[in-house]
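Results of the structural survey
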Amino acid sequence: MVILNAAIQHFVFVYGSLLCQQSRAVTASSLSETPVLPVLCTGLQRVWAKRSKRGMTSLGVRVVEDSDTTSSKLPSCVGAVVPIWGSDALSKLDEREQGYERVPLTLEQIRMVPYLDKAQYYTFNDENSKSASNKMKSNVNEISSADEDWLDQWLAQTTRSQQTSMYEATLKPRVWTYRPLREQWPDDNFPIAQTYVDTILRGCLSYAPEMAHDFITSTEGWDGGESSDMDGVSTDTTTATAAHWYNDRHDPIYPRGDPEWSRRHATSLDDLLQQHLPEQMNRRVVRPKE
């Protein structure tokens with residue numbers, strides 16, 4: 001059992017643009033000032049599946065339930081656990097994630113990322129993450145990946161690093177994530193926006209290059225796919241169109257990105273995408289002017 005201050009009862013597993021510290025800061029400054037934990041979450045499949053009012057398709061996760069959380073048949077998703085500090089941060093996230101539902105995860109679903117060592121958990125490349133992660137470095141050697149309660153240890157140490165003089169009763173932490181209310185994959189009317197992809201890659205690369213590779217190779221829907229509703233109605237759109245992925249760096253669709261950063265790193269980001277998605281990248285088109 002972890003003893004938590006009431007202000008940090010909630011944690012959110014993020015897997016898309018919220019991996020990026022700068023994108024989190026747009027929603028709530030407190031979300032960019034706390035140490036986050038890169039993790040692997042079982043039972044989640046990351047997909048291009050959420051259409052937005054801005055005319056683009058965002059990431060979502062498909063929840064795959066199984067009573068055995070250790071089953072090798074379960075999909076998994078690499079992301080990060082973000083502590084929710086402050087009374088309004090969770091409500092601000094809910095407002096940001098319109099069209100998604102916040103669903104609970106179990107602590108049993110959360111694992112260490114296999115390709116990250118303990119030091120990497122608290123030594124991030126992103127310049128704005130360092131100050132927060134430094135608060136945890138003195139405790140990192142106390143956490144062992146062999147310990148079954150390693151997550152409890154991290155949650156407890158995160159709590160202690162931010163303790164105030166006001167204490168509440170013992171609370172059990174709640175870990176949440178967001179999944180789309182309705183699955184609809186990319187098409188020419190709701191394409192993948194490159195500035196959104198850039199934001200996700202920026203977040204992944206702040207942890208490790210392997211996380212960026214993982215995001216690209218494990219995400220479903222780069223080609224478009226089956227558009228389905230929660231009621232089971234579906235339309236076959238498996239034939240990829242030339243316009244389902246827009247390079248919008250010159251005229252961004254995504255509102256929480258950093259166009260200057262995207263343009264400055266365009267070559268290296270495109271090389272990474274081309275390495276894993278050559279056919280899809282060859283079909284990417286420049287966003288047409290309206």
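Residues numbered from 1 in each chain as written. Predicted model: local features only at pLDDT ≥ 70, side-chain atom pairs only at ≥ 80, totals over all residues. Heavy atoms only, no water.

Remarks on the environment of Ser 23
Operational definition: The helix and strand labels rest on DSSP assignments: H or I over at least four residues marks a helix, E over at least two residues marks a strand, and numbering proceeds from the N terminus. Buried, partly exposed and exposed residues are distinguished by accessible area as a fraction of the type maximum, computed with a 1.4 Å probe on protein chains only: under 20%, between the cut-offs, and over 50%, respectively. We call two residues in contact when some of their heavy atoms are within 4.5 Å. The definition of a polar contact used here is a pair of N or O atoms within 3.5 Å, where within protein one atom must be able to donate a hydrogen and the other to accept one, and adjacent residues in sequence count solely through side-chain atom pairs.
Checked against the element boundaries, Ser 23 lands in helix H1 (residues 21–27). Assessed through its relative accessible area of 0%, Ser 23 is described here as buried. The spatial distance from the C-alpha of Ser 23 to the C-alpha of Gly 203 is 8.8 Å, given a sequence separation of 180 residues. With residues up to four places along the chain from it excluded, the contact list for Ser 23 reads Ser 17, Arg 96, Thr 199, Tyr 254 and Arg 256. At 2.8 Å, the side chain of Ser 23 and the side chain of Arg 96 are in polar contact.

Overview of the pattern of salt bridges
Pairing is possible between side chains of opposite charge, provided their charged atoms come close. So the rule is basically this: Here, a salt bridge means any Lys or Arg side-chain nitrogen found within 4 Å of an Asp or Glu carboxyl oxygen.
Inspection of the entire model under this criterion finds 15 salt bridges. The partner of Arg 62 in a salt bridge is Glu 183, with the nearest N and O atoms 3.0 Å apart. Taken as a pair, Arg 62 in strand S4 (residues 57–63) and Glu 183 in the loop between strand S8 (174–180) and strand S9 (192–193) lie far apart in primary sequence, 121 residues in all. For Arg 62, a relative accessible area of 26% corresponds to the partly exposed category. Given a relative accessible area of 14%, Glu 183 falls into the buried group. In this structure, Asp 94 and Arg 102 form a salt bridge, with 2.9 Å as the shortest nitrogen-oxygen distance. Take Asp 94: its relative accessible area is 29%, and that puts it in the partly exposed class. Looking at Arg 102, the relative accessible area reads 27%, which means it is partly exposed. Overlapping salt bridges bring together Asp 198, Arg 249, Asp 270 and Arg 284 as one network.

Observations regarding the sheet that holds strand S2 (residues 37–42)
Test applied: Pairing between strands is defined by DSSP: at least two bridges between them are needed. Axes here refer to lines fitted to C-alpha atoms; in helices the fit is confined to the stretch in contact. Angles between the N-to-C directions go from 0 to 180 degrees.
Spatial ordering of the open sheet is given by S6-S8-S1-S5-S2-S7, a layout of six strands whose pairing is mixed. Strands at the two margins of the open sheet, each flanked by one partner only, are strand S6 (100–105) and strand S7 (110–112). Direction aside, the axes of adjacent strands within the sheet are offset by 40 degrees on average. Taken together, the four bridges between strand S1 (residues 10–14) and strand S5 (residues 76–83) define a ladder with antiparallel strand orientation. If you follow Val 14 over to S5, its bridge partner there is Ala 80.

Re the pairing of S1
Where burial is concerned, most of S1 is hidden: four out of the five residues are buried. As paired strands, S1 and S8 are joined by three bridges and run parallel to one another. Within S8, the residue paired with Phe 11 across the bridge is Val 175.

Considerations on the side chain of Asp 198
Note on placement: Asp 198 falls in helix H6 (residues 194–205). You can call Asp 198 buried: its relative accessible area is 0%. In this structure the side chain of Asp 198 is engaged in a polar contact, spanning 3.0 Å, whose partner is the side chain of Ser 262. Not counting residues within four places of it along the chain, the set of residues in contact with Asp 198 comprises Arg 249, Trp 261, Ser 262 and Leu 269.

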